[in-house]
Amino acid sequence: MDVCKSIDDIRGAVKQLKAQGKRIGFVPTMGALHKGHLSLIRQAKERADEVVVSIFVNPEQFGPNEDFDSYPRELEEDLKKCESEGVSVVFAPNRDDVYDKKKYIRIEVDELNRHMCGGSRPGFFEGILLVVNKLFNIIDPDVAVFGQKDIQQFQIVSRMVHEFNHDVELIMAPIERANDGLALSSRNKYLSVEERETAPGLFRALNYIEKQIVSGVDTPSLLLKHQKSELEAKGFKIDYLDVFDKKTLQPIETLIKGKEFILAGAVWLGNTRLIDNLLIEL
Ligand code: PAF
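Cut-offs used in this document
- Counting from 1, residues in each chain are numbered in the order their sequence is written.
- For a predicted model such as this one, the threshold for reporting local features is a pLDDT of at least 70, and the threshold for listing and counting side-chain atom pairs is 80 or more; totals across whole chains, interfaces and linings nevertheless cover every residue.
- The side-chain numbers reported here are obtained from all heavy atoms of the structure, hydrogens and water having been left aside.
- Secondary structure elements are defined from DSSP: runs of H or I of at least 4 residues count as helices, runs of E of at least 2 residues count as strands, and each element is numbered from the N terminus.
- For the radius of gyration, the atoms used are the C-alpha atoms, and the globule rule reads 2.2 Å times the number of residues raised to 0.38.
- Remark: exposure states derive from per-residue accessible area (1.4 Å probe, protein chains only) relative to the maximum for the residue type, with buried under 20%, exposed over 50%, and partly exposed in between.
- The contact definition used throughout considers only heavy atoms, calling two residues in contact when any of these lie within 4.5 Å.
- Note that accessible areas follow from Shrake-Rupley with a 1.4 Å probe, and for residues the cover is restricted to the protein chains shown.
- Note that His is not counted, nor are the chain ends; the positive residues are Lys and Arg, and the negative ones are Asp and Glu.
- The atom standing in for a charge is NZ when the residue is Lys, CZ when it is Arg, CG when it is Asp and CD when it is Glu.
- Whether two strands pair depends on DSSP finding at least two bridges between them.
- Angles shown run from 0 to 180 degrees and are taken between the N-to-C directions of axes, each axis being a line fitted to C-alpha atoms and, for helices, limited to the stretch in contact.
- Here a polar contact is recorded for every N or O atom pair within 3.5 Å, except that within protein the pair must consist of a potential hydrogen donor and a potential acceptor, and residues adjacent in sequence are included only if both atoms are side-chain atoms.
- Here a cavity denotes a set of grid points, spaced 1 Å apart and computed over the protein atoms alone, in which a 1.4 Å probe fits but from which it cannot get out, and a pocket denotes an open set meeting protein on both sides within 12 Å along at least five of seven lines; residues with an atom within 4 Å of a point are reported as lining.
- Grid points are joined across faces, edges and corners, and a volume is the space filled by probe spheres set on the points.
- Put simply, Ala, Val, Leu, Ile, Met, Phe, Trp, Tyr, Cys and Pro go in the nonpolar bin, Asp, Glu, Lys and Arg in the charged bin, and everything else, Gly too, in the polar bin.

Asks: Quick one: what's the story with the overall build of the chain, residue by residue and with numbers?
Replies: Counting secondary structure elements, the chain contains 10 helices and nine strands. Radius of gyration (C-alpha) of the chain: 19 Å, near the 19 Å computed for a compact globule of 282 residues. The dimensions of the chain, computed from C-alpha atoms along their principal axes, are 55 × 40 × 40 Å. Split into buried and exposed, the 282 residues of the chain put 54% on the buried side. Partitioning the contacts of the chain with sequence separation of at least 6, the portion at a separation of at least 24 is 72%. Put simply, the chain shows about 14,200 Å² of open surface, and 46% of that area lies on carbon and sulfur atoms. Charge-centre separation for the chain: the mean point of 38 positive side chains lies 1 Å from the mean point of 45 negative side chains.

Structure (structure tokens):
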């Protein structure tokens, strides 16, 4: 497995693979790899000949009071995991390899980041698009795999790929969960023992709401209000818990048959922010 730090090196490594006619699968990550990431790598392997993984904690997608400094960094262990999954190349650059000291050009997102995580994390998706745009330009993959847990990210990246004419197929891989239902996340490491026991409550609430919707509740505002109170009583602080249109990512008051929705929540348990979602097709 090649480990490349510089843009020249990763470009060279990918060029060699492409010269052999290989199809390149790409999994962008911020490291601290868990089973969720490994399932993305496996999905990429199914669709490509060689898999490239990037490991880069992207400073541009963290707000000033967010956890950039404390975000888990475990490069040695991550490399071992990549190696045992059969990854061909890892791109693990430093900040200065990726960003100039001063940037003159930014990407703006309209409407699609007004709600969900975009609503409470200003600049988050602009930072993601900046780095994903760069990574696509540097690696030029045939297929790239993202997780459903970050479904707003997937939808906004898809839109960027469309509007910026990136020649890459995007795959959304299903959420990997612990046995008790908690969506796997690098940030789960922050949870205390007690918080970890409480954490699957978010998934349980989503499941309950989904069941009610599937069995006929088409205006879920009261149901959502009630579930928010239940979660608060368990110690969660709610950022959002709502149903969104899958394409426009706007909140939906009345659910119409024949459409796809995202039932999504973001909550705080102590200092840890957890997100989760279910796709609902009526
Ligand atoms: O999903 C993530 O881990 C990050 O947002 C990504 C796509 C690697 C960009 O930094």
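Asks: Which residues make up the environment of L184, and what are the values?
Replies: Looking at where L184 falls in the secondary structure, it is placed in the loop between β6 (169–173) and α8 (193–198). By relative accessible area, L184 is classed as buried at 18%. Sequence-wise, L184 and D276 are 92 residues apart; in three dimensions their C-alpha atoms are separated by 9.5 Å. Excluding residues that lie within four positions of it along the chain, L184 makes contacts with H34, K35, G36, K149, E176, R177 and A178.

Asks: Talk me through the sheet that holds strand β8 (residues 260–269); I want residue IDs and the actual numbers.
Replies: Ordered by their spatial adjacency, three strands build an open sheet running β7-β8-β9, and the pairing between neighbours is antiparallel. Two strands lie at the open edges of the sheet, namely β7 (237–245) and β9 (272–281), each paired on one side alone. Going from strand to strand, the sheet's axes swing by 10° on average, the running direction of each strand aside. Pairing of β8 with β9, which is carried by 10 bridges, proceeds in the antiparallel orientation. Bridge assignment links F261 to a residue of β9, and that residue is I280. Against the sheet, helix α10 (residues 221–233) contacts β7 and β8, and its axis sits at roughly 155° relative to β7.

Asks: Go over the side chain of D245, please, and point to the residues and values.
Replies: By secondary structure assignment, the location of D245 is in strand β7. Separated by 3.3 Å, the side chains of D245 and K259 make a polar contact. Not counting chain neighbours up to four residues away, the residues in contact with D245 comprise Q250, I252, K259, E260, F261 and I262.

Asks: So what about the layout of surface pockets? Which residues, and what values?
Replies: Taken as a whole, the second largest pocket holds about 370 Å³ of empty space. Along the wall of the second largest pocket there are 17 residues; nearest its centre are L112, I156, R159, M160 and E163. Considering each element in turn, the lining of the second largest pocket owes the most residues, seven residues, to helix α7 (residues 151–163). A class-by-class count of the residues in the lining of the second largest pocket yields seven nonpolar, four polar and six charged.

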